[in-house]
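What the coordinates show
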Amino acid sequence: MTDAARDPRDGFVAALLELAQADPRITVVVNDSVGSSKLGPFQDAYPDRLINVGIAEQNLVGVGAGLANGGRIPFVSGAGSFLSARSMEQVKIDVGYAQNNIKLCAQSPGYAYGNLGATHHSAEDLAWMRAIPGMTVLNPGDCRETAAAVRWAAAYEGPVYIRIPRLKVADFTPDAPFEAGKALRLHDGGDVTIISTGIVTPRALAAAENLTADGISARVLHMPCVKPLDTEAIATAAQETGAIVTVEEGTTVGALGGAVCELVTEISPIPVRRLGVPDEFPPTGSETWILDHYGVSAAGISRAARALLELTK
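Residues numbered from 1 in each chain as written. Predicted model: local features only at pLDDT ≥ 70, side-chain atom pairs only at ≥ 80, totals over all residues. Heavy atoms only, no water.

1. A look at the overall build of the protein
Of the regular secondary structure elements, the protein holds twelve helices and 14 strands. Whereas a compact globule of 313 residues would reach a radius of gyration of roughly 20 Å, the protein reaches 19 Å, a difference of no more than 12%. Overall size of the protein, expressed as C-alpha extent along the three principal axes, is 60 × 40 × 35 Å. Scored against the burial criterion, the 313 residues of the protein give a buried share of 59%. Taking as baseline every contact in the protein between residues at least 6 positions apart, the subset at least 24 positions apart corresponds to 77%. Approximately 12100 Å² of the protein is accessible, and the part contributed by carbon and sulfur atoms is 51%. Taking the average location of the 25 positive side-chain charges in the protein and that of its 35 negative ones, the two points are 1 Å from each other. (Helix = DSSP H or I, 4+ residues; strand = E, 2+ residues; numbered from the N terminus. Rg over C-alpha atoms; globule rule 2.2 N^0.38 Å. Buried < 20%, exposed > 50% of the residue type's maximum accessible area, 1.4 Å probe, protein only. Contact = heavy atoms within 4.5 Å. Areas by Shrake-Rupley, 256 points an atom, 1.4 Å probe, with all protein chains shown as cover. Lys, Arg positive; Asp, Glu negative; His and termini not counted. Charge placed at Lys NZ, Arg CZ, Asp CG, Glu CD.)

2. Looking at the packing of helix H1 (residues 8-22) against helix H7 (residues 143-155)
Look at H1 against H7: their axes get within 7 Å of each other, and the N-to-C directions meet at 35°. The two elements H1 and H7 cross, and the hand of that crossing is right-handed. On H7, the residues touching Pro8, Asp10, Gly11, Phe12, Ala15, Leu16, Glu18 and Leu19 of H1 are Cys143, Thr146, Ala147, Val150, Arg151 and Ala154. (Axes fitted to C-alpha atoms, helices over the stretch in contact; angles between N-to-C directions. Left-handed = near helix turned anticlockwise from the far one by under 90°.)

3. So, the packing of aromatic side chains
With the rule as written, the count across this model stands at three aromatic pairs. A network of ring pairs unites the aromatic residues Trp152, Tyr156 and Phe178 as a single cluster. Here the guanidinium or amino end of Arg49 rests over the ring plane of Tyr46, the centre of that ring lying 4.6 Å away. Of note, Arg86 hangs over the ring of Phe82, and the distance from its end group to the ring centre comes to 4.2 Å. (Phe/Tyr/Trp six-rings, centres within 6.5 Å; stacked < 30°, edge-to-face > 60°. Lys NZ or Arg CZ within 6 Å of the ring centre and 35° of its normal.)

4. A word on the sheet that holds strand S3 (residues 50-52)
One open sheet holds the seven strands; their spatial order is S3-S2-S4-S5-S7-S6-S12, and the pairing between them is mixed. Two strands lie at the open edges of the sheet, namely S3 and strand S12 (225-227), each paired on one side alone. Taking each pair of neighbouring strands and ignoring which way they run, the sheet shows an average axis angle of 20°. Bridging between strand S2 (residues 26-30) and strand S4 (residues 73-79) involves five bridges; their strand directions are parallel. In the sheet register, Val30 faces S4, and the bridge partner there is Ser77. (Pairing = 2+ DSSP bridges.)

5. Structural notes on helix H8 (residues 201-213)
Helix length check: H8 (13 residues) gives 19 Å between terminal C-alpha atoms against 18 Å at 1.5 Å per residue, within 8%. Tucked inside the fold, the buried residues of H8 contact strand S9 (184-187), strand S10 (192-196), strand S11 (218-222), helix H11 (287-293) and helix H12 (298-312). Where H8 ends, the next residue or the one after it, Gly215, has phi of about 85°, a positive value. (Expected span 1.5 Å × (residues − 1).)

6. Quick word on the pattern of salt bridges
In total, this model carries 13 salt bridges according to the counting rule given. The shortest N-O distance in the salt bridge between Asp7 and Arg9 comes to 2.7 Å. Since its relative accessible area comes to 2%, Asp7 is described here as buried. Residue Arg9 is classed as buried on the basis of its relative accessible area, which comes to 8%. Through salt bridges with shared partners, a single network forms among Asp7, Arg9, Asp10 and Lys38. (Salt bridge = Lys/Arg side-chain N within 4 Å of Asp/Glu carboxyl O.)

7. Some remarks on the environment of Leu256
Here Leu256 lies in helix H10 (residues 256-267). On the basis of relative accessible area, Leu256 is assigned to the buried category, the value being 0%. Between the C-alpha atom of Leu256 and that of Ala237, which follows or precedes it by 19 residues, the distance is 15 Å. In contact with Leu256, other than residues within four places in its own chain, are Ile195, Ser196, Thr197, Met223, Val226, Leu229, Val247 and Glu248.

Read these as layout, nothing more, since geometry by itself doesn't imply function.
Below is the structure:
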């Protein structure tokens, strides 16, 4: 892990500029969000390849579909709360059903707009997008992995949903090409497995260190690809550790926690504790406050792991 915290949006834009220079098909579509997406440098470099449709998310996705049909590779960028909710019918039909080559880029997902309240939270987006047939769902955890995920998405033929985090975190992932459907084992352990996704993984790693101090050996799997899952890594963890805690910035209903429960129920039934938002709307507050409120913190994850291990005795 590097020392300096970086904004993953910077990795997003840097990768797009690199891709656009090499491939004239790369095009960006935004919903009046050039500034919040940090796309100013792309607009300056390629003004004829950035289309701003205004605050019209359904049109945003529809224009992206038209560009894909015309042979472009559109990166459709907007606030995660609005891209996922307001345009869901277009995502279902124009992206999923049509299997168009569109890259949906959810800016500031999760609780990044926390102080603006539930209307601006995108706690449900990973669960919604998992339900779209053929949709690849990515949730990178740092600036470096975000850039790598964007490069991978550009080369992949098919619909992709990518969370572009806003919260600055130090890079904790290796400098390597992104692999969809692959987890990263960042901490070894045999007593319990912590499976996390996105920018909360550093909290999972801190929890593993806390547990080590208590004599508990915790494995940490970073899962940047929520669909398809790394079923082999999860199956191995279930068999070797016998207990799993899932950690995410969003709902536990149908997202990472739900996906892991679906899998282990079929292949190796074991106790699973899901940390995230339960079946409720998150309160208003900063992103870090909301995470802490739901126990998505080093202390909260450690408590969940200890409680789970008590059940297995």
